[in-house]
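Residue-level structure breakdown
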Amino acid sequence: MTYDCAPRLRRAALAVSAASVIFSLSSPAWADLKLCNSTAGRVGVAIGYQDDTGWATEGWWNIASQTCETLLKGALPSRFVYVHAVDYDRGGEWGGKNEMCTTDKSFAIRGVQDCPKRGYKRTGFFEVDTGDAKEWTIRLTDPEGQGQQ
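Now for a description of the structure that goes with this document. Values in this document were obtained by computation on a predicted structure and should not be read as measured data.

Cut-offs and rules
- Residues numbered from 1 in each chain as written.
- Predicted model: local features only at pLDDT ≥ 70, side-chain atom pairs only at ≥ 80, totals over all residues.
- Heavy atoms only, no water.
- Salt bridge = Lys/Arg side-chain N within 4 Å of Asp/Glu carboxyl O.
- Helix = DSSP H or I, 4+ residues; strand = E, 2+ residues; numbered from the N terminus.
- Buried < 20%, exposed > 50% of the residue type's maximum accessible area, 1.4 Å probe, protein only.
- Phe/Tyr/Trp six-rings, centres within 6.5 Å; stacked < 30°, edge-to-face > 60°.
- Contact = heavy atoms within 4.5 Å.

**A short note on the pattern of salt bridges**
Applying the stated criterion across every chain yields a total of 7 salt bridges. Residue Arg79 is joined to Asp129 by a salt bridge in which the shortest nitrogen-to-oxygen separation is 2.7 Å. Remark: Asp129 occurs in strand β13 (residues 121-129) and Arg79 occurs in the loop between β8 (67-73) and β9 (80-87); sequence separation between them is 50 residues. When its relative accessible area of 32% is taken as the criterion, Asp129 is described as partly exposed.

**Some words on unusual backbone geometry**
A cis amide bond, omega -10°, links Gly59 with the succeeding residue Trp60. Unlike most non-glycine residues, Gln66 shows phi in positive territory, near 60°. Even without being a glycine, Asp114 presents a positive backbone phi close to 50°. One can find Asp114 in the loop between β12 (107-110) and β13.

**Looking at the packing of aromatic side chains**
Under the definition given, this model contains 2 aromatic pairs. Between the aromatic rings of Trp60 and Phe107, the centroid separation amounts to 5.9 Å while the plane-to-plane angle is 80°, which identifies the pairing as edge-to-face. Here Trp60, found in strand β7 (residues 54-63), pairs with Phe107, found in strand β12; they are 47 residues apart in sequence, far enough to count as distant. Each member of the pair, Trp60 as well as Phe107, is classed as buried.

**Remarks on the environment of Trp61**
When you line up the elements, Trp61 lands in strand β7. A relative accessible area of 17% means that Trp61 is categorised as buried. Distance from Trp61 to Ala85, taken between C-alpha atoms, is 9.3 Å for residues 24 residues apart in sequence. Not counting residues up to four positions away in its chain, the partners in contact with Trp61 are Val43, Gly44, Val45, Ile47, Glu69, Thr70 and Leu71.

Put into structure tokens, the structure is as follows:
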């Protein structure tokens, strides 16, 4: 399954717009969470999820334009996955109302409470509902008219 995220340009920031889910009729024997960068620039990606031991956030994956990266291998840890992404080349970000902990460097953080008290940033993530899927692909796209020269 694929979840498309087409951001809209808002001054210096990109925001998540309406998304469509594309269902795939064939699925491989393995299950992963993948993110495809279908934009014209490089992006940094952080994810959040809840597993058997509680909430976790991880980042940053640096994903080149027009490439995909596996963020989590194996079955999805939960129905909901949370994503925050930054456009390195043009500025802006994909974010949301679900706040979780991040840092500027690579990280793996357990828990989403008291981020500043624990030395972390509080960052907004958008929610992806994967339903009952065991694998999922999120696709970041340019807003209409952007990335086309």
